[in-house]
Amino acid sequence: MKQTVFALAAAATLAAALPSSAQAHCQGCGVAAGVVGGLAAGAIIGSAIANSPPPVYAAPPPPPSAVYYDDPDHPVCHVERHREWVEGYGWRSRRVEVCD
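Nothing here was measured: the structure is a model prediction, and the numbers come from that model.

Cut-offs used in this document
- Residues numbered from 1 in each chain as written.
- Predicted model: local features only at pLDDT ≥ 70, side-chain atom pairs only at ≥ 80, totals over all residues.
- Heavy atoms only, no water.
- Helix = DSSP H or I, 4+ residues; strand = E, 2+ residues; numbered from the N terminus.
- Areas by Shrake-Rupley, 256 points an atom, 1.4 Å probe, with all protein chains shown as cover.
- Patch = residues over 30% accessible without salt bridge, like charges linked within 9 Å, V, L, I, M, F, W, Y side chains within 5 Å.
- Salt bridge = Lys/Arg side-chain N within 4 Å of Asp/Glu carboxyl O.
- Phe/Tyr/Trp six-rings, centres within 6.5 Å; stacked < 30°, edge-to-face > 60°.
- Lys NZ or Arg CZ within 6 Å of the ring centre and 35° of its normal.
- Disulfide = S-S within 2.5 Å.
- Buried < 20%, exposed > 50% of the residue type's maximum accessible area, 1.4 Å probe, protein only.
- Contact = heavy atoms within 4.5 Å.

Student: Can you lay out the overall build of the protein for me, pointing to particular residues and giving the numbers?
Tutor: Along the protein, the regular secondary structure elements total 2 helices and 2 strands. Each helix (α) and strand (β) of the protein, taken in turn from the N terminus, gives the series α-α-β-β. Here the protein has roughly 9,200 Å² of accessible surface; of this, 63% comes from carbon and sulfur atoms.

Put into structure tokens, the structure is as follows:
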């Protein structure tokens, strides 16, 4: 349906853009034809947009739950910051994972 509407709108635009023979007694006819063509194309495109189905919004999936181990076989780890001296650079801060 949309392809047909856009094809008709394109054909109407091309037909309105084609040069016609000049008429000596008509002044401003080209402006009126452009306005009528623009209104017609706007009505065609507007009706195509108005008749389209509404967008479907879906809720995002829930975030994964955190997994905690209460098993003595798994060590408890945490991240600590360590400062170290780098020659030619100075003090550098690094994050190091420490497991108990």
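Student: Residue-level account of a nonpolar patch on the surface, with values.
Tutor: Taken together, the side chains of Phe-6, Ile-45 and Ile-49 present a nonpolar region at the surface, about 290 Å² in accessible area. Looking at the secondary structure, you find Ile-45 in helix H2 (residues 29–50).

Student: Report on the packing of aromatic side chains, specifying residues and quantitative values.
Tutor: Tallied over the full model, the rule gives 1 aromatic pair. Geometrically, the ring pair formed by Trp-85 and Trp-91 is edge-to-face, given 5.7 Å between the ring centres and 75° between the ring planes. Lying over the aromatic face of Trp-91, Arg-83 brings its terminal NZ or CZ to 4.4 Å of the ring centre.

Student: Account for the environment of Arg-92, with residues named and values stated.
Tutor: Tracing the chain through its elements places Arg-92 in strand S2 (residues 90–99). Sequence separation of Arg-92 and His-82 is 10 residues, and the distance between their C-alpha atoms is 8.2 Å.

Student: An account of the state of the cysteines is needed here, citing residue identities and associated values.
Tutor: Evaluation of the coordinates by the stated rule reveals 1 disulfide. Covalently, Cys-77 is tied to Cys-99 through a disulfide, its sulfur atoms 2.0 Å apart. Residues Cys-77 and Cys-99 are joined through a disulfide that is right-handed, its torsion about the S-S bond being 100°. Here Cys-77 is found in strand S1 (residues 77–86), whereas its partner Cys-99 is found in strand S2, with 22 residues between them in sequence. A relative accessible area of 33% places Cys-77 in the partly exposed class.

Student: Please set out the pattern of salt bridges residue by residue, giving values where relevant.
Tutor: Summed over the entire model, instances satisfying the criterion amount to 2 salt bridges. Ionic pairing is found between Arg-92 and Glu-84, a salt bridge with its closest N-O pair at 3.8 Å. For Glu-84, a relative accessible area of 29% gives the class partly exposed. Between Arg-94 and Glu-84 there is a salt bridge whose closest N-O contact spans 3.7 Å. Of the two residues, Arg-94 is situated in strand S2 and Glu-84 in strand S1; the sequence distance between them amounts to 10 residues.

Student: A description of the environment of Pro-75 should follow, citing residues and the corresponding values.
Tutor: The residue Pro-75 is located in the loop between H2 and S1 in this model. The exposure class of Pro-75 is partly exposed, given its relative accessible area of 48%. Here the alpha-carbon distance between Pro-75 and Cys-99, two residues 24 residues apart in the chain, equals 6.1 Å. Setting aside its immediate chain neighbours within four residues, Pro-75 contacts Cys-99 and Asp-100.

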